[in-house]
Amino acid sequence: MADGRTALVAGSFDPLTNGHLDVVLRARRLFDRIVVAVLVNPGKSPLLTLDERLALVTESVAGAPGIEIVAFDGLLVDAATRHGASVVVRGLRSVSDYEHEWPMARMNAALLPGLETVYLPAMGEFAHVSSSLVRQIHAMGGSIGAFVPPAVLAHLRRRP
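Note that the structure is a prediction, hence the values are computed from the model and not measured.

**Structural notes on the sheet that holds strand 2 (residues 33–39)**
- The strand order across the open sheet built from 5 strands is 3-2-1-4-5, with neighbouring strands paired in parallel fashion. Edge strands, defined here as strands with exactly one partner in the open sheet, are strand 3 (67–72) and strand 5 (116–121). For this sheet the average axis-to-axis angle between neighbouring strands, irrespective of direction, equals 30°.
- Relative to strand 3, strand 2 runs parallel, the two being bridged by 6 bridges. For Leu39, the partnering residue across the bridge sits in strand 3 and is Phe72.
- Its contacts with the sheet place helix 1 (residues 18–30) against strand 1 (6–11), strand 2, strand 3, strand 4 (87–92) and strand 5, and it is angled at close to 125° to strand 5.

In structure tokens form, the structure reads like this:
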């Protein structure tokens, strides 16, 4: 197990939202190193390609030291092991998020004893923001500037 100073923040980030970015930056204040693991999920049809998501996360955290961006597929515990993380950080927007996250945290701890999950509650201004809602608003021509980092907004505006 790693030294406890490296944490993994995993997700599909399709697209990265200001809520995701807030969790990553707040987690960085708590841990020496953050590994942002961008999920490759063959069961989903993402809006953005893996390369686009990796580039947008990288651009959005540019200048913040101690944050590494990687792609991963498979089990979260394997990604944690591969990158030396002993903690998984998850953002929570609501009680229903917790109900969804709790069994996964317990299963991850069973698969990799010693792996801890730390929950960061969403800041009030991000509690209602989700990637799926951002995708829907964008697809219908609505304004998403308040919900995504500037790099994501600029990229989505350039896409057909």
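**A word on the pairing of strand 4**
- Both strand 1 and strand 4 contribute to a ladder of 2 bridges, which runs parallel. Looking at the pairing, Ala7 lines up with Val87 of strand 4.
- Inspection of the sheet shows strand 4 paired to strand 5 by 6 bridges, in the parallel sense. Bridging across to strand 5, Gly91 finds its partner in Leu120.
- For the crossover from strand 4 across helix 4 (residues 95–111) to strand 5, the handedness is right-handed.

**Topic: the pattern of salt bridges**
- Applying the stated rule across the entire model yields 7 salt bridges.
- We note a salt bridge from Glu101 to Arg90, for which the minimum N-O separation is 2.8 Å. You can see Glu101 sitting in helix 4 and its partner Arg90 sitting in strand 4, a full 11 residues away along the chain.
- What makes Glu101 buried here is its relative accessible area of 8%.
- We note a salt bridge from Arg93 to Asp97, for which the minimum N-O separation is 3.1 Å.

**Looking at the packing of aromatic side chains**
- All chains considered together, the criterion is met by 2 aromatic pairs.
- Between Tyr98 and Tyr119, the aromatic rings sit 5.5 Å apart at their centres with planes inclined by 70°, giving edge-to-face as the arrangement. On the criterion of sequence distance, the pair formed by Tyr98 in helix 4 and Tyr119 in strand 5 is long-range, its members being 21 residues apart.
- Grouping aromatic residues by their ring pairs yields a cluster made of Tyr98, Trp102 and Tyr119.
- The ring centre of Trp102 lies 5.1 Å from the NZ or CZ of Arg106, which sits over that ring.

The rules behind the values
All residue numbers here refer to positions counted from 1 along the written sequence of the relevant chain. Whole-chain, interface and lining totals are the exception, using all residues; otherwise, since this is a predicted model, local features are given only for residues with pLDDT of at least 70 and side-chain atom pairs are given and counted only at 80 or more. Computation of side-chain values: all heavy atoms of the structure, hydrogens and water removed. When DSSP locates at least two bridges between a pair of strands, those strands are taken to pair. Put simply, DSSP marks the helices as runs of H or I at least four residues long and the strands as runs of E at least two long, and each gets a number from the N terminus on. Orientation is described by lines fitted to C-alpha atoms, with helices fitted over the stretch in contact, and by angles between N-to-C directions that extend from 0 to 180 degrees. Between two residues, a contact is recorded if the distance between any of their heavy atoms is within 4.5 Å. Handedness is read with the strands pointing away from the viewer; a crossover is right-handed when the path from the first strand over the helix to the second is clockwise. By definition, a salt bridge exists where a carboxyl oxygen of Asp or Glu is found within 4 Å of a side-chain nitrogen of Lys or Arg. Residue exposure (1.4 Å probe, protein chains only): buried if accessible area is under 20% of the type maximum, exposed if over 50%, otherwise partly exposed. Stacked, tilted and edge-to-face are the three classes assigned to paired rings of Phe, Tyr and Trp, where Trp is represented by its six-membered ring and a pair needs centres within 6.5 Å; plane angles under 30 degrees give stacked, over 60 edge-to-face, the rest tilted. Here, a charge over a ring is recorded when the distance from Lys NZ or Arg CZ to the ring centre is within 6 Å and its angle to the ring normal is within 35 degrees.

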